[in-house]
Amino acid sequence: MNREEEATPGDGRRSGRVTDLIGAPRVPGAAHEAPRRGAAPAKSSVRSWITFILLICYTGFVLFVTLIPRLSDLKTDALAERLLGVLHRVGVPAWFGYDKLEFTMNVAMFIPLGFLVGLALSRRWIWLGVFLLPAFSASIEWAQGALLAERVSDIRDVVANGVGGWIGLLVAVIIRAIVWSRDQKVIERAMWDAREGRR
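Residues numbered from 1 in each chain as written. Predicted model: local features only at pLDDT ≥ 70, side-chain atom pairs only at ≥ 80, totals over all residues. Heavy atoms only, no water.

## Some remarks on the overall build of the chain
- For the chain, the count of helices and strands is 5 helices and 2 strands.
- Mapped from its N terminus to its C terminus, the chain presents α and β elements in the order β-β-α-α-α-α-α.
- When each of the 199 residues of the chain is scored for burial, the buried share is 23%.
- In the chain, once contacts between residues fewer than 6 apart in sequence are set aside, the share between residues at least 24 apart is 56%.
- When the accessible surface of the chain is totalled, it reaches about 14800 Å², and 65% of it is carbon and sulfur. (Helix = DSSP H or I, 4+ residues; strand = E, 2+ residues; numbered from the N terminus. Buried < 20%, exposed > 50% of the residue type's maximum accessible area, 1.4 Å probe, protein only. Contact = heavy atoms within 4.5 Å. Areas by Shrake-Rupley, 256 points an atom, 1.4 Å probe, with all protein chains shown as cover.)

So this is what it looks like as structure tokens:
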């Protein structure tokens, strides 16, 4: 690159003109000049911290319910009987008994856990939730059978927990996809407004 001197009409002064190696003048703001970019704005971590705190709290709740030494201390049998009575009165078939209710409740208990796991994991690692949720349930069942004399482990609980966790994880993935699509549209609109405002 070299610098030529040329006269500026009307003021009698001389000014420099930047040219490239073949003599063509370089125009300020041309495409071959990279625009200056500032530092990227910091990402908000409020939602991540809220999700993390809720995940810790709900995980503690699940561990308390599943690892309490005596399930009878929670009075679940009496509650289940009353709930079944209400369900049967509103039209639920009689074949839907205690075992079916227990399976359904095990599914329902892991739906919020799967949802929070789906929010806590990054988009790159969210697939890990497919394995983490059943593994967490299996570890609970192992602890019940090996460490708690009055509790028994049941593979059906792992299946129910896994199904519930996957449902919650799927809901989280869908919601994150919707929010991401909305954010992209908002960003594109803001960039378009900024371009139009400079014209």
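## Some thoughts on the environment of L169
- Its location among the elements puts L169 in helix α5 (residues 155–198).
- With 42 residues separating them along the chain, L169 and W127 place their C-alpha atoms 9.3 Å apart.
- Those residues within four positions of L169 in sequence are excluded, and the remaining contacts are G114, F115, G118, I126, G129, V130 and L133.

## Overview of helix α4 (residues 129–147)
- Along its 19 residues, α4 runs 26 Å from first to last C-alpha, staying within 8% of the 27 Å computed at 1.5 Å per residue.
- Inspection of α4 places G129, L133, P134, S137, I140, E141, A143 and Q144 among the buried residues, and these make up the whole buried set. (Expected span 1.5 Å × (residues − 1).)

## Structural notes on the side chain of T51
- Tracing the backbone through its elements, the reader meets T51 in helix α1 (residues 46–67).
- Separated by 2.8 Å, the side chain of T51 and the backbone oxygen of R47 make a polar contact. (Polar contact = N/O pair within 3.5 Å; in protein donor to acceptor, adjacent residues only side chain to side chain.)

## Section: the packing of α1 against α4
- Running from N to C, α1 and α4 point in directions that differ by 30 degrees, and their axes come no closer than 10 Å. Judged by the sense of rotation from one axis to the other, the crossing of α1 with α4 is right-handed. Here T59, V62, L63, T66 and L67 of α1 come into contact with α4, specifically with F136, I140, A143 and Q144.
- When the residues that make up the contact of α1 with α4 are grouped by side-chain class, the tally is 6 nonpolar, 3 polar and no charged. (Axes fitted to C-alpha atoms, helices over the stretch in contact; angles between N-to-C directions. Left-handed = near helix turned anticlockwise from the far one by under 90°. Nonpolar A, V, L, I, M, F, W, Y, C, P; charged D, E, K, R; others polar.)

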